[in-house]
Amino acid sequence: MADVKTIGVLTSGGDAPGMNAAIRAVVRAAIKNGMKVKGVMRGYNGLLHNDFVDLDMRDVSDIINRGGTILYTARCKEFSTEEGVRRAAENCKAAGIEGLVVIGGDGSFRGARDLTNLGGINCVGLPGTIDNDISCTDYTIGYDTAMNTAMEMVDKLRDTAQSHDRCTVVEVMGRHAGYIALNAGIAVGASYIVVPEKKLDMEALISKIKAAHAMGKQHFIVVVAEGVAMEVEGGSNWIAKEIETATGIETRATILGHVQRGGNPTVTDRVAATTMGHHAVELLKEGIGNRVVGQRAGKVVDFDINEALQMKKSLPMDLYAIADDVSF
Ligand code: F6P
């Protein structure tokens, strides 16, 4: 058994609800296994600038329920150079950090891979992003909370759309992926869902709304993934304008934005963060690095980082078809 004495933990990229639950699990599991834990502040920046904090059992009390990340997070350009990676590795060694848990997305995992291979620090990645766009895992920490937040926000928009007989176009996050849009769209009973995985067909969208309008429907919800909005000039506002012009139904666009990244994590996120965080420590304890932890069919699994980065996953279009079938 590897005699690992100290590990580090950092959060990197966009924050996601459940990151704190993951930090807590890492700290508690490591201490249980006789290891010490150092928190690295502001992602890879903390490695480059020796910004470390000792984390004890009680330092992670009362954070399982909190959104955001107590370690702060950042996207760090400096770390993406070979010089940066080597300096980060030297700083880790000087601080006694022998293994590192990196909570973030694909970009963060590339850093973890480089730190393992170039710097000799065993790193294990935990998927933390609201987008659910990490291929090796069915689930990413933060996704469920973000979907629920989006659903709650659209429920509120429905009230005003219904009162005014309007169409509400809601843009949700997800970067280049349509997971949040598809599931939140189904959960709010959207008339139409626009995802990056399917070419935008304004004609189909408009004829669906017109047909439903002709059958007596008075208000409409259209969910648009940001991955589509960022590709069309004028984004969601343009989509709203087109709908209004073509149908005569007053239409408003709302971009939900960063509200989707905040809030207390749901049960699903807290449990996923805890089980995956625990697993990451099990790997590092054995001196195993260069892995990404994920969830497949409800089970915690891990993969080589390079293999994980090359995997592909696709939006379940059968689910998209169901959404389409039940929206009038
Ligand atoms: O990856 C999470 C995410 O919220 C995406 O959905 C979105 O495209 C992006 O981050 C926004 O990033 P920023 O916080 O830099 O505005």
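None of the values given here were measured: they were computed from a predicted structure. (Residues numbered from 1 in each chain as written. Predicted model: local features only at pLDDT ≥ 70, side-chain atom pairs only at ≥ 80, totals over all residues. Heavy atoms only, no water.)

Caption draft 1: View of the packing of aromatic side chains. Under the counting rule described, the total for this entry stands at 3 aromatic pairs. These aromatic residues form a ring-pair network of at least three members: Tyr 139, Tyr 143 and Tyr 179. Sitting over the ring of Tyr 72, Arg 42 keeps its end group 4.2 Å from the ring centre. The ring of Phe 220 is capped by Lys 217, whose NZ or CZ atom sits 5.6 Å from the centre of that ring. (Phe/Tyr/Trp six-rings, centres within 6.5 Å; stacked < 30°, edge-to-face > 60°. Lys NZ or Arg CZ within 6 Å of the ring centre and 35° of its normal.)

Caption draft 2: Structural view of the packing of helix α5 (residues 143–164) against helix α6 (residues 179–187). Close contact between α5 and α6 brings their axes to 9 Å; oriented N to C, the two are set at 45°. In terms of axis orientation, α5 runs oblique to α6. At the point where α5 passes α6, the crossing takes the right-handed sense. When α5 is examined against α6, the residues Tyr 143, Ala 146, Met 147, Ala 150 and Met 151 are found in contact with a partner set consisting of Tyr 179, Ile 180, Asn 183, Ala 184 and Ala 187. (Axes fitted to C-alpha atoms, helices over the stretch in contact; angles between N-to-C directions. Helix = DSSP H or I, 4+ residues; strand = E, 2+ residues; numbered from the N terminus. Parallel < 35°, antiparallel > 145°, perpendicular 65-115°, else oblique. Left-handed = near helix turned anticlockwise from the far one by under 90°. Contact = heavy atoms within 4.5 Å.)

Caption draft 3: Geometry of the side chain of Thr 129. Here Thr 129 shows up in the loop between β5 (122–127) and α5. Within the local environment of Thr 129, its side chain forms a polar contact with the backbone nitrogen of Asp 131, the two atoms lying 3.0 Å apart. (Polar contact = N/O pair within 3.5 Å; in protein donor to acceptor, adjacent residues only side chain to side chain.)

Caption draft 4: Local environment of helix α7 (residues 202–214). With 13 residues, α7 should reach 18 Å at 1.5 Å per residue; the first-to-last C-alpha distance of 18 Å fits that figure. Here α7 has its buried residues at Met 202, Leu 205, Ile 206, Lys 208, Ile 209 and Ala 212. One face of α7 carries all of its buried residues, which in axial projection span an arc of 155°. When the buried face of α7 is taken as reference, the exposed residues oriented beyond 90 degrees from it are Glu 203 and Ala 214. Turning to α7, the residues buried within the fold contact β6 (167–172), β7 (192–194), β8 (220–225), α9 (235–247) and α12 (317–325). A positive phi of about 105° marks Gly 216, the residue just after α7. (Expected span 1.5 Å × (residues − 1). Buried < 20%, exposed > 50% of the residue type's maximum accessible area, 1.4 Å probe, protein only. Arc of directions from axis to C-beta.)

Caption draft 5: Region of interest: the site of the ligand. Around the ligand sit Arg 75, Thr 129, Ile 130, Asp 131, Met 173, Gly 174, Arg 175, Glu 226, His 258 and Arg 261, and that is every residue in its neighbourhood. In this structure, an oxygen atom belonging to the ligand sits 2.7 Å away from a side-chain N or O atom of Arg 75. Here an oxygen atom of the ligand and a side-chain polar atom of Arg 175 are 3.2 Å apart. The protein chains hide 76% of the 400 Å² of surface that the ligand would expose on its own. Looking at the shell around the ligand residue by residue, the class counts come to 2 nonpolar, 3 polar and 5 charged. (Near = heavy atom within 4 Å. Areas by Shrake-Rupley, 256 points an atom, 1.4 Å probe, with all protein chains shown as cover. Nonpolar A, V, L, I, M, F, W, Y, C, P; charged D, E, K, R; others polar.)

Caption draft 6: The sheet that holds strand β2 (residues 36–40), seen in detail. Read from one edge of the open sheet, 7 strands run β3-β2-β1-β4-β5-β10-β11, paired in mixed fashion. Taken across any chain shown, the strands that pair with only one partner, and hence form the sheet edges, are β3 (52–55) and β11 (299–304). Adjacent strand axes in the sheet meet at a mean angle of 30°, parallel and antiparallel pairs treated alike. Contacts from helix α1 (residues 19–32) reach β1 (6–11), β2, β3, β4 (99–104) and β5 within the one sheet, and its direction differs from that of β1 by about 180°. In the packing of helix α4 (residues 106–117) onto the sheet, contacts are made with β4, β5 and β10 (291–296), and the angle to β5 comes to roughly 165°. (Pairing = 2+ DSSP bridges.)

Caption draft 7: Quick peek at α6. What α6 keeps buried is the set Tyr 179, Ile 180, Ala 181, Leu 182, Ala 184 and Gly 185. Tucked into the core, α6 has its buried residues touching α5, β6, β7, β8 and α12. Looking one or two places after α6, you find Gly 189, whose phi comes out positive at around 65°.

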